[in-house]
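Working through the structure, step by step
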Amino acid sequence: MDNDNRRASRRTEVLSNHLLPRPHTTTAHLSPSNCLSYAPPELSSSNPVSFDTYVMRSLLDGHNLDDRDWLFGLIVQSPLFNRQERGGRVFVSVDYNHTMEQQREETMRRIGYLLDRGVFRGWLTGDGPQEELRKLALHEVISMYDHSLAVKIGVHIFLWGGAVKFLGTKRHHDKWLRATENYELKGCFAMTELGHGSNVRGVETVTTYDSRSGEFVINTPCESAQKYWIGGAANHATHTIVFSQLYINGGNQGVHAFICPIRDSSGNVCPNIRIAECGHKIGLNGVDNGRIWFDNVRIPRENLLNSVADVSPRGEYLSSIKNVDQRFAAFLAPLTSGRVTIASSAVYISKIGLSIAIRYALTRRAFSMTPNGPEVLLLDYPSHQQRLLPLLAKIYAMSFAGLELKMLYVNRTPESNKAIHIVSSAYKATFTWNNMRTLQECREACGGQGVKSENRIGPFKGEFDVHSTFEGDNNVLMQQISKALLGEYIVCQTKKKPFRGLGLEHMNNPAPVLPSQLTSSILRSSEFQLDLFHLRERDLLGRFAAEVSQYQAQGESKESAFNLSYQVAEDLGRAFSERAILKTFIEVESKVPAGSLKDVLGLLRSLYALISVDEDAAFLRYGYLSTENAAAVRKEVLKLCTELRPHALALVSSFGIPDAFLSPIAFDWVGSNAWPSAQH
Amino acid sequence: MAFNPKPDDDQVLVEKRSCARVIILNRTRQLNALSFYMVSRLLEIFLEDDGNPDIKLVIMKGNGRAFCAGGDVSAVVRDVKGGDWRLGAKFFENEFKLNYLMATYSKPQVSILNGIVMGGGAGASIHGRFRVATEKTVFAMPETELGLFPDVGSTYFLSRLPGFFGEYVGLTGARLDGAEMLTCGLATHFVPSTKLSLLEESLYKVESNDATKVSAIIDKYSEQPSLKENSVYHRMDAINRCFSRKTVEEILYYLEMEAMNNKADNWASTTIRTLKKASPTSLKVFLKLIRKARLQGIGQCLITDYRVVCHVLQGHYSKDFFEGCRAILIDKDRKPKWEPSRLELVSDRDVDRYFAKLDDQGWKDLELPERLNNLPPYVTSKL
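Position numbers for residues count from 1 along each chain, tracking the sequence in the order it is written. Chain labels run from A onward and ligand labels from 1 onward, assigned in the order the entries are written. Per-residue local features of the predicted model are confined to residues with pLDDT of at least 70, and side-chain atom pairs are confined, for both listing and counting, to 80 or more; whole-chain, interface and lining totals are unaffected and use all residues. In computing side-chain properties, one takes all heavy atoms of the structure into account and sets aside hydrogens as well as water.

The name recorded for chain B in an unreviewed UniProt entry is 3-hydroxyisobutyryl-CoA hydrolase, from Stylosanthes scabra. Per UniProt, the comment on chain B under Sequence similarities (unreviewed entry) is "Belongs to the enoyl-CoA hydratase/isomerase family." UniProt positions are given in the numbering used here, feature names are shortened, and annotations may be inferred rather than shown by experiment. According to the UniProt record, the Catalytic activity (unreviewed entry) comment for chain B reads "3-hydroxy-2-methylpropanoyl-CoA + H2O = 3-hydroxy-2-methylpropanoate + CoA + H(+)".

The name that an unreviewed UniProt entry assigns to chain A is Acyl-coenzyme A oxidase, with the source organism given as Stylosanthes scabra. The UniProt entry for chain A carries the following text under Sequence similarities (unreviewed entry): "Belongs to the acyl-CoA oxidase family." Regarding chain A, the relevant UniProt record gives this comment under Cofactor (unreviewed entry): "FAD".

What follows deals with the environment of A:V592. To qualify as a helix, a DSSP run of H or I must reach at least 4 residues; to qualify as a strand, a run of E must reach at least 2; elements of each kind are numbered from the N terminus. Position of A:V592 relative to the elements: it lies in the loop between α17 (566-591) and α18 (596-615). Between the alpha carbons of A:V592 and A:L59 there is a distance of 9.4 Å; along the sequence they are 533 residues apart.

Our next topic: the UniProt feature "domain: Acyl-CoA oxidase/dehydrogenase middle" (unreviewed entry) in chain A. Mapped onto the present numbering, the UniProt feature "domain: Acyl-CoA oxidase/dehydrogenase middle" (unreviewed entry) falls at residues 188-297 of chain A. End-to-end, the C-alpha atoms of residues 188-297 of chain A are 17 Å apart, and along that stretch the chain is 0% helix and 46% strand.

In this section: the pairing of strand β3 (residues 187-190) of chain A. Residues and elements named next belong to chain A. Judged by which residues are buried, β3 turns out to be covered on both faces: G187 and F189 on one side and C188 and A190 on the other are all buried. As paired elements, β3 and strand β7 (residues 239-248) share 4 bridges and run parallel to each other. Paired with F189 across the bridge in β7 is I241. Partly exposed residues are those whose accessible area sits between 20% and 50% of the maximum for their type, while under 20% is buried and over 50% is exposed, using a 1.4 Å probe and protein chains only. Pairing between two strands requires that DSSP report at least two bridges joining them.

Okay, the sheet that holds strand β5 (residues 109-113) of chain B next. Residue and element names in this part refer to chain B. The 6 strands are arranged β1-β2-β3-β5-β7-β10 in an open sheet whose pairing can be described as mixed. Each edge of the sheet is formed by a strand with only one pairing partner; in this case those strands are β1 (12-17) and β10 (189-190). Relative to strand β7 (residues 130-133), β5 runs parallel, the two sharing 4 bridges. Along β7, the bridge assignment pairs I112 with V132. The contact definition used throughout considers only heavy atoms, calling two residues in contact when any of these lie within 4.5 Å. An axis is simply a line fitted to the C-alpha atoms; with a helix, the fit covers only the stretch in contact. Between two such axes, the angle follows the N-to-C directions and lies from 0 to 180 degrees. Along the sheet, helix α1 (residues 36-50) makes contact with β1, β2 (20-25), β3 (57-62) and β5, crossing β2 at roughly 175°.

Our focus in this paragraph is the interface of chain B and chain A. Contact with chain B, which involves 31 residues of that partner, is made by 26 residues of chain A. Computed with a 1.4 Å rolling probe, the buried area is the accessible surface lost when two parts are put together, summed over both parts. Together chain B and chain A conceal approximately 2,300 Å² of surface at their shared face, both sides included; 49% is due to carbon and sulfur atoms. On the chain B side of the contact with chain A, B:K246, B:L295 and B:L383 bury the most area, a combined 26% of that side's loss. Salt bridges are defined by distance alone: a side-chain nitrogen of Lys or Arg within 4 Å of a carboxyl oxygen of Asp or Glu. Viewed at the interface, chain A and chain B are joined by 5 salt bridges. The shortest N-O distance in the salt bridge between B:R245 and A:D116 comes to 3.6 Å. Polar contact criterion, stated in full: a pair of N or O atoms within 3.5 Å, where within protein one must be able to donate a hydrogen and the other to accept it, and residues adjacent in sequence count only if both atoms are side-chain atoms. If you look at where chain B meets chain A, you find 15 residue pairs in polar contact (both at pLDDT 80 or more).

This paragraph deals with the packing of helix α15 (residues 526-553) of chain A against α17(A). Residue and element names in this part refer to chain A. Put simply, α15 and α17 touch, their axes get as near as 9 Å, and they point 155° apart. The orientation of α15 relative to α17 falls into the category roughly antiparallel. Crossing angle aside, the handedness with which α15 passes α17 is left-handed. Residue-level contacts link S526, Q529, L530, F533, H534, R536, E537, L540, L541, R543, F544 and E547 of α15 to V568, A569, D571, L572, R574, A575, F576, E578, R579, L582, K583 and I586 of α17. Among the residues forming the contact of α15 with α17, the class breakdown is 12 nonpolar, 3 polar and 9 charged. Any angle from 65 to 115 degrees is called roughly perpendicular, while one under 35 is roughly parallel, one over 145 is roughly antiparallel, and all others are oblique. Take the far helix as your reference; a near helix turned counterclockwise from it by less than a right angle gives a left-handed crossing, and one turned clockwise gives a right-handed crossing. The residue classification treats Ala, Val, Leu, Ile, Met, Phe, Trp, Tyr, Cys and Pro as nonpolar and Asp, Glu, Lys and Arg as charged. All others, Gly included, are polar.

In structure tokens, the structure reads:
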């Protein structure tokens, strides 16, 4: 009887073993010492914290730290943001498994939540630098969660709302600004067309005025005039800003902006409007980009955004700005804020990539130096240091520069508009290109783990690629810088007056003379670094001017001469940006009291300066450095990387990005990949 | 330290039962409130046992009605009033080091919360791996009422409770029962008090520091209690709506909206009254603390707590802590005169000052006890 029972119970156990997974029994008797275990980098003596990371974060973020932390918390604590627990930690990130349509609806739900919590309060109705800085800080946090969410909000508030605010007058402000901030309507911004992107002046949409009814009539005259990539248009937007040529009595007055309803409050597309999808994209699938055609769409005369020009009820064209070029420039004002936010957001995304890749490199080992010896941490390889640490130095530099741009922007005056235009163009292009490069390097530095979407870096490459194109194509922007610098150069030469502004004052001094032998201490001195950058900029500006005038002397038009001098223009754009960034870095450093934090900043600044020199062939091409000195620069980069290695963890911690916004491989990647976490 | 009529050494009873270290808080007349002696002794025990391979498990409990009613702040206030605030700071320094050690301990700590668990008592238990609540448990972080703030690294675990429950619990000092603690995650298990001695007997037999094994044992005695009908946990939606706001003023504004929209229910109006009784400075300092803590590891939270508490003891910016102790613990008139007296008189800048390093000769940030590698994953995830 007893025996039977025992047999029966054994039989039951065998059967249940077949039917139910028994995960632990096979591994339980293995000794854990045979396995790799995760060692938190925080506890390792090779990662000492030698400075106050919160003070460093304050320098980097620069403003509204409490607001940022509040919003981080709002996101982390809400189930709407796809919280996932992995290895005992919570992570938030969009679910890329969801369809395009699902992602778009999730974006809207998240906006509803943020709206309810008062995140957007004052984003349009508030005025003054403090309100603007709060808005920029919160928008940066949103972009760190999801680019789609940031863009969807950015289109509605910065582009639609910004156009109403900057191009409209009181009647538009009263009617739309508060309503926009409260999402009583959803706005979009129809500027780009299939046939015209960066060249906004060439848009083909046509608007005429009908004085009998007092209405404007908008038309899409041909397929290349369809509005394209209009964020929000495909599903949600109820209103749009239309950029269109304005014809009055047959005469073209140039591009103007109009408010046009495109959907009713129940979401039905308005009569005479056709809307189509742009389709699945390499990123930003949570944004409903669409295409719009206008077929004799009639809007009231009051819908012309009339701060720059107006049309009287009888159909007379009235503008305080007579110069067509200046009028057009005024219409592009809302785009400036876009470039400022993109530049800044690119820096924050690079910070996420670097935080993940560097934390991973501080816990992941590969290969031993000796047979049976312990494997080496990735970040202890000089090669790995040189892949990641110069990028870290660049992000510190760009972070300070981006902050200065924001300050310039929020404290803007009519006099500073030109500088803002040039600096924002330079930084938008420089930071977004740098971001893509950084993400690629970080992805590779994480090996196979970098390929997993949950580790964020991979999807970011698709999500943020468009940064180099929207709000001004990077190449076009960089050429504008060189053109603007040439403009300054010509004015100063012909009027025989000194350079002022844009950091060009150094042009008034004699050319700096560099020491012939570059020692380590010379290479690390900020005076030397700035001299070297000044030398490059002044020489390239002179070269560019000479080349353009040479082409003109050969009979080329001014425009054609610019195009033909493209190579030098490109070098000059880079020289200007890198010099401006370095200068800001030196200023930030000079305000920090002596101590360990300042010392680390000094290492970072030197590494930023020297890696920039190492990577720009112009220094050798035009002979600013001898080959010997160029080699000395490269060696110094390696030394600086070695010296920064112990600070790597503290430097990424100083970014102040919550753990939840990083990813499982930034922490216990053994635990987060262990069998129990695969069970749910 | 303060004069004590009887020797301290029976305030903490220490036993060893096979592989288990059993620590009993034994200062029953003061509801086991932690004296300077107790935190120092506990710190000593935890440090000693950390490297002792014979100890696999730590069991902590309290004699009498309480697990532990908090830190003995009236003693601290006496010390500070005696002239040197640094003496008071020493108490917190040891207490926070103990909290850090518990949060990052190499062996599972099982705390039996059969009674009152408040303030420092929460710090001495919630950081550990297992927290066993019973039908007798009463939990609260009542510091804002005392002109202090929930310290002991509590912002680490409060900020990680669902939604904005942590803000609610820390700002209002709301009392939670065992079922609520289990539901929100402050407790890991609920065991009826009648089964505690059986549970302890079983735990004594544990021969490994494997947390899953310990968990399985506690599971055997655990029950799933149901939340009371009027449990505050049923109001999570309203709590999230109100306590997610950026400032204390906004939280109050949304509570008032809640009270207006739901007149039949007095939860919102009671909550408003509670908040209005607390120290305005304490409320604002705590809100900033928990918002920071949500994004920080346990070590950083304790370092920040230490800075803030030193400012409180130094008393340069506010004396609310001393006033709160006078009104609640000493004179017991329960009528503290807060200074500043209203929320709008406490600016962001006033609050920020509590987070800066102290400008006082020789003062240093809290130095955390060194932790070694090979800590279990439930510990490393807190760093």
